[in-house]
Amino acid sequence: MEPPRLTFAERLYLPQVMQGIRVTTGHFVRNLALHTLHLFGLAKDRRAAVTVQYPEERKTYSEGFRGAHRLTLKPDGSVRCTACFLCATACPAKCINIEAGEHPDPEVEKYPVRYEIDTLQCIYCGMCVEACPCDAIRMDTFVHPRVWGYRREDFIEPKTLLMERSLVLQERGREALMEDMLRDYEAGQSTGPAVR
Ligand code: SF4
Ligand code: SF4
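Residues numbered from 1 in each chain as written. Chains lettered and ligands numbered in written order. Predicted model: local features only at pLDDT ≥ 70, side-chain atom pairs only at ≥ 80, totals over all residues. Heavy atoms only, no water.

(A) Seen up close, the site of ligand 2. Neighbouring ligand 2 are 14 residues, the closest being Cys-81, Cys-84, Phe-85, Cys-87 and Cys-132. In the shell around ligand 2, the residues fall into 13 nonpolar, 1 polar and no charged. (Near = heavy atom within 4 Å. Nonpolar A, V, L, I, M, F, W, Y, C, P; charged D, E, K, R; others polar.)

(B) Looking closely at the sheet that holds strand β3 (residues 110-118). In spatial order, the strands read β2-β3-β5; together these 3 strands make up an open sheet with antiparallel pairing. Edge positions in the sheet fall to β2 (96-102) and β5 (156-157), since each has one partner strand and no second. In the sheet, β2 pairs with β3 via 7 bridges, with the strands oriented antiparallel. Of the residues in β3, the one forming a bridge with Asn-97 is Glu-116. Strands in contact with helix α5 (residues 159-172) are β3 and β5; relative to β3, the strand with the most contacts, it is inclined by about 95 degrees. (Pairing = 2+ DSSP bridges. Helix = DSSP H or I, 4+ residues; strand = E, 2+ residues; numbered from the N terminus. Contact = heavy atoms within 4.5 Å. Axes fitted to C-alpha atoms, helices over the stretch in contact; angles between N-to-C directions.)

(C) Broad picture of unusual backbone geometry. In this model, Ala-43 sits at a positive phi of 50 degrees, which is unusual for a non-glycine residue. Relative to the assigned elements, Ala-43 resides in the loop between α2 (14-39) and β1 (70-71). Positive phi, close to 65 degrees, is recorded for Phe-142, a residue that is not glycine. With respect to the secondary-structure elements, Phe-142 resides in the loop between β4 (137-138) and β5.

(D) Quick peek at the nonpolar core. Within the largest apolar cluster, 20 residues are counted, with the highest numbers of intra-cluster contacts made by Leu-71, Cys-87, Ile-96, Ile-98, Tyr-115, Ile-117 and Ile-137. The set of elements that each furnish at least two residues to this core consists of α3 (86-90), β2, β3 and α5. Those residues in contact with Tyr-115, other than ones at most four positions away along the chain, are Leu-71, Cys-81, Cys-87, Ile-96, Asn-97, Ile-98, Ile-137, Glu-157, Pro-158, Lys-159 and Leu-162. Ala-68, Ala-176, Leu-177 and Met-181 belong to the second largest nonpolar core, which has 11 residues in total. (Core = buried A, V, L, I, M, F, W, Y, C linked by side-chain atoms within 4.5 Å. Buried < 20%, exposed > 50% of the residue type's maximum accessible area, 1.4 Å probe, protein only.)

(E) The site of ligand 1, seen in detail. Neighbouring ligand 1 are 13 residues; Cys-91, Cys-122, Cys-125, Gly-126 and Cys-128 lie closest to it. Classifying every residue of the shell around ligand 1 gives 11 nonpolar, 2 polar and no charged.

(F) Representation of α5 within the structure. In a regular helix each residue adds 1.5 Å, so 14 residues correspond to 20 Å; α5 covers 20 Å between its end C-alpha atoms and thus fits that length. All buried positions along α5 are accounted for by Lys-159, Leu-162, Met-163, Arg-165, Ser-166, Val-168 and Leu-169. Residue Gly-173 follows α5 closely and has a positive phi angle near 90 degrees. (Expected span 1.5 Å × (residues − 1).)

(G) The environment of His-38, seen in detail. Looking at the secondary structure, you find His-38 in helix α2. The class for His-38 is buried, based on a relative accessible area of 18%. The sequence separation of His-38 and Ala-48 amounts to 10 residues, and the corresponding C-alpha distance is 8.4 Å. Once you skip the residues sitting within four places of it in the chain, His-38 turns out to touch Ala-43, Lys-44, Arg-46 and Ala-48. At 2.9 Å, the side chain of His-38 and the backbone oxygen of Ala-43 are in polar contact. (Polar contact = N/O pair within 3.5 Å; in protein donor to acceptor, adjacent residues only side chain to side chain.)

(H) Quick peek at a nonpolar patch on the surface. Taken together, the side chains of Leu-6, Phe-8, Leu-12, Tyr-13, Leu-14, Val-17, Met-18 and Ile-21 define a hydrophobic patch exposed on the protein surface, amounting to about 820 Å² of accessible area. Elements with a minimum of two residues in the nonpolar patch: α1 (8-12) and α2. It is α2 that provides the largest number of residues to the nonpolar patch, a total of 4 residues. (Patch = residues over 30% accessible without salt bridge, like charges linked within 9 Å, V, L, I, M, F, W, Y side chains within 5 Å. Areas by Shrake-Rupley, 256 points an atom, 1.4 Å probe, with all protein chains shown as cover. Salt bridge = Lys/Arg side-chain N within 4 Å of Asp/Glu carboxyl O.)

(I) Here's a closer look at the packing of aromatic side chains. Per the counting criterion, the structure on display carries 4 aromatic pairs. With centroids separated by 6.2 Å and ring planes inclined at 45 degrees, the aromatic side chains of Tyr-61 and Phe-142 adopt a geometry described as tilted. Of this pair, Tyr-61 sits in the loop between α2 and β1 while Phe-142 sits in the loop between β4 and β5, and the two are 81 residues apart along the sequence. Assigned by exposure class, Tyr-61 and Phe-142 land together as buried. Feature note: the residues Tyr-61, Phe-65 and Phe-142 constitute an aromatic cluster, connected by ring pairs. A cation sits over an aromatic face here: Arg-174 above Phe-142, 3.5 Å from the ring centre. (Phe/Tyr/Trp six-rings, centres within 6.5 Å; stacked < 30°, edge-to-face > 60°. Lys NZ or Arg CZ within 6 Å of the ring centre and 35° of its normal.)

Given below as structure tokens:
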């Protein structure tokens, strides 16, 4: 069957183009007006944009949200990881880099001198968590992956950061992790490229 033929007006696409311009201009004018009013402290109860302004704003995450890694700690605060490399072997993105070292305690065989996750390569599949035999890595932080940075290195999460997350979670709770991340984000905004 032959497809329906477009009329001359339809082939010009002008009505659709005009409709698109009308919608875009409508949103632009509305947002501009609301942002201007907000500057003067007016109409604060009306949103000036329809999208969620992450990271300043967050939606409620589901209990299954797995956004960022952390290395769990022993009761004495040292890292639980034994540098067995199972997580790095299981990682399909090959984004975990571990350097093992001899532990000063003869009871402990090895520990990670360096443990890094390249979050630009990570696909957040959770295989590392599944593979770990000693519950040394988790993704239950409820924090998003880092969304700002100017250099590749800004997105490589080192051992200290991964351990710090566990400490903050333990001492100040889940919301504190997000508050710290927001603080870092704001500092990065005001000082330019963030350094970690
Ligand atoms: S979540 Fe998946 S991709 Fe990311 S580090 Fe773990 S195993 Fe690798
Ligand atoms: S996080 Fe777990 S699986 Fe990965 S090296 Fe450490 S102990 Fe092994």
